[in-house]
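Each chain is listed here by its residues.
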Amino acid sequence: MIDPTPLRPASLHEEVAARLRNMVFERQLVPGQWIDELALASDWKISRTPLREALKVLAAEGLVELVPRQGCKVTELSEDDADELFPVMALLEGRCAFEAVRKATPADIKLLQRLHAALEKHAAAHNIDGYYRANHDFHSTVQALAANRWLDRATTDLRRFVRLLRGRQLNWPGRIDESIGEHRRLIEAIEQRDAARAEQLMHDHLLAQLAALKALRAHEAAQEASIDQGQHHA
């Protein structure tokens, strides 16, 4: 017999999970940070039970790690993770671009042109945060326009991990200028309905992000080593 009890559209732990997920993506909770469950429960005026259930959801998604007897911390992507993740995302997002171009209506093309215009505005101002958000909107829209539920499922799952980096590579000198150049070529291919070229350009765009991230990380590591060396000699 079917249970006649009405179901709530979203349980408390799902609402808490959505809030925590957003905090991770917005870097209010940064990679490697331990999550203060007591403080969050107090701030949100909830018990720790829905918070712990929410953290289990995020752990299943790979966004946080549950450490026995220590608590829970935000997942931190290693260099090896990035090296392995970005080429896979390049394949997936390239395919998204290919299918989006083949299926896009004139109205869809206009939408992508508007999203590209927002990218241009933030690139001209060198507004990293604004550019990151506009870039996320553009890539997510291309994914949606591909209208392939299997591709969407795989891309959404892995995009969570890319979002853990929150566009860090945009801090590399000159990266925004390079990125907007890549996007100009991409929107041109989309306007020309060249699906194969759009696929290749999107693929290469993701690999260029990885190259910039690796350059930034190498620079930061060299700086840290230099500081450590200076302190050692002092």
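The preceding data block contains the structure.
All values reported here derive from a predicted model rather than from experimental measurement.

Working note: a packed helix pair is described by the angle between its axes plus the distance between those axes. Direction vectors running N to C along helix α6 (residues 128-146) and helix α7 (residues 149-164) enclose 165°, while the axes themselves pass 10 Å from each other. With respect to their mutual orientation, α6 and α7 come out roughly antiparallel. Here the hand of the crossing between α6 and α7 comes out right-handed. Listed contacts from α7 to Y132, H136, H139, S140, Q143 and A146 of α6 are L151, D152, T155, T156, R159 and R163. Along the lines of polarity and charge, the residues of the contact of α6 with α7 split into three nonpolar, six polar and three charged.

A cluster of acidic side chains, namely E79, D80, D81 and E84, defines a negative patch on the protein surface. Its place among the elements puts D81 in helix α4 (residues 79-103).

As a further point, take unusual backbone geometry. In this structure, R27 takes a positive phi of about 60° despite not being glycine. Within the secondary structure, R27 sits in the loop between α1 (12-25) and α2 (37-44). According to the relative accessible area criterion, R27 is partly exposed, its value standing at 29%.

We now examine the nonpolar core. One finds L20, L51, F138 and I190 to be the most contacted residues of the largest nonpolar core, which totals 64 residues. Looking at this core element by element, the count peaks at 11 residues for α4. Contacts of L51, omitting those with residues within four sequence positions, involve V16, L20, E37, L40, A41, W44 and I46.

Okay, the pairing of strand β1 (residues 64-67) next. When β1 meets strand β2 (residues 71-74), the two strands line up antiparallel, connected through four bridges. Within β2, the residue paired with V67 across the bridge is G71. Linkage of β1 to β2, two consecutive antiparallel strands, is achieved through a turn of three residues, within which R69 is found at a positive phi near 65°.

Moving on, we come to the pattern of salt bridges. For the structure on display, the rule yields 18 salt bridges. The closest approach of N and O atoms between K214 and D83, which form a salt bridge, is 3.0 Å. Taken together, the residues span a long stretch of sequence, with K214 in helix α9 (residues 195-233) and D83 in helix α4 at a distance of 131 residues. Residue K214 is classed as partly exposed on the basis of its relative accessible area, which comes to 38%. A relative accessible area of 29% means that D83 is categorised as partly exposed. Across the pair E182 and R175 runs a salt bridge whose closest N-O atoms are separated by 2.9 Å. R175 matches E182 in its accessibility class, with the two residues each being buried. Within this structure, R21, E61, D157 and R160 form a network of salt bridges that share partners.

Rules of the game
- Residues numbered from 1 in each chain as written.
- Predicted model: local features only at pLDDT ≥ 70, side-chain atom pairs only at ≥ 80, totals over all residues.
- Heavy atoms only, no water.
- Axes fitted to C-alpha atoms, helices over the stretch in contact; angles between N-to-C directions.
- Helix = DSSP H or I, 4+ residues; strand = E, 2+ residues; numbered from the N terminus.
- Parallel < 35°, antiparallel > 145°, perpendicular 65-115°, else oblique.
- Left-handed = near helix turned anticlockwise from the far one by under 90°.
- Contact = heavy atoms within 4.5 Å.
- Nonpolar A, V, L, I, M, F, W, Y, C, P; charged D, E, K, R; others polar.
- Patch = residues over 30% accessible without salt bridge, like charges linked within 9 Å, V, L, I, M, F, W, Y side chains within 5 Å.
- Areas by Shrake-Rupley, 256 points an atom, 1.4 Å probe, with all protein chains shown as cover.
- Salt bridge = Lys/Arg side-chain N within 4 Å of Asp/Glu carboxyl O.
- Lys, Arg positive; Asp, Glu negative; His and termini not counted.
- Charge placed at Lys NZ, Arg CZ, Asp CG, Glu CD.
- Buried < 20%, exposed > 50% of the residue type's maximum accessible area, 1.4 Å probe, protein only.
- Core = buried A, V, L, I, M, F, W, Y, C linked by side-chain atoms within 4.5 Å.
- Pairing = 2+ DSSP bridges.

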